[in-house]
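Observations on chain architecture
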Amino acid sequence: MRINLKTPFAEKEEAKALGARWDPKKKCWYIQNVADLTPFARWITDSPASTSPEQTTGPVVTHGAVIAGCGCKVLPWEDCEHTSA
């Protein structure tokens, strides 16, 4: 299972050291088939640790599905038709 990460540039080396990989086409860091997500929790976009109360844009999680910013309903590890280029 692939999970895209929202990793700030300043933290890229830390994510890489933990096993994250860079996707040059999508220009994002990701993990795949990782048993323990704990070290990556702050970079997983649907993680409560990565969101703040004043943050009103971005994905909305509903019963395991995500309503992407464009309105597509996808699973957290999937890309919608608007993000696959």
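So, here is what we can say about the structure in this document. None of the values given here were measured: they were computed from a predicted structure. (Residues numbered from 1 in each chain as written. Predicted model: local features only at pLDDT ≥ 70, side-chain atom pairs only at ≥ 80, totals over all residues. Heavy atoms only, no water.)

What follows concerns the nonpolar core. Counting residues in each nonpolar core, the largest one holds nine residues, listed as I3, L5, A15, A20, W29, I31, F40, W43 and I44. Listing elements by their share of this core, those giving two or more residues are β1 (2-5) and β3 (28-32). (Core = buried A, V, L, I, M, F, W, Y, C linked by side-chain atoms within 4.5 Å. Buried < 20%, exposed > 50% of the residue type's maximum accessible area, 1.4 Å probe, protein only. Helix = DSSP H or I, 4+ residues; strand = E, 2+ residues; numbered from the N terminus.)

Attention now goes to the pairing of β3. Within β3, four of the five residues are buried, which leaves the element mostly enclosed by the surrounding structure. Alignment of β1 against β3, held across four bridges, turns out to be antiparallel. Each bridged residue has a counterpart across the sheet, and for N4 the counterpart in β3 is Y30. One ladder, built from three bridges, connects strand β2 (residues 21-23) with β3; its direction is antiparallel. (Pairing = 2+ DSSP bridges.)

Inspection of the entire model under this criterion finds two aromatic pairs. Look at F40 and W43: their rings are 6.4 Å apart centre to centre, the planes differ by 55 degrees, and that puts the pair in the tilted class. When sorted by exposure, F40 lands in the same class as W43, which is buried. A cation over an aromatic ring shows up here: R2 above the ring of Y30, its NZ or CZ 3.9 Å from the ring centre. (Phe/Tyr/Trp six-rings, centres within 6.5 Å; stacked < 30°, edge-to-face > 60°. Lys NZ or Arg CZ within 6 Å of the ring centre and 35° of its normal.)

Now for the pattern of salt bridges. Tallying each qualifying case throughout the model produces three salt bridges. Between R2 and D23 there is a salt bridge, and its shortest N-O distance comes to 2.8 Å. Here D23 lies in strand β2 and R2 lies in strand β1, a separation of 21 residues in the sequence. For R2, a relative accessible area of 22% translates into the label partly exposed. A residue is classified by how much of its surface remains accessible, and D23, at 12% relative accessible area, is buried. With its nearest N and O atoms 2.4 Å apart, the salt bridge here joins R42 to E14. On the criterion of sequence distance, the pair formed by R42 in the loop between β3 and β4 (60-62) and E14 in helix α1 (residues 12-18) is long-range, its members being 28 residues apart. With relative accessibility at 38%, the residue R42 sits in the partly exposed group. (Salt bridge = Lys/Arg side-chain N within 4 Å of Asp/Glu carboxyl O.)

Scope: geometric values only; no functional claims are made or implied.
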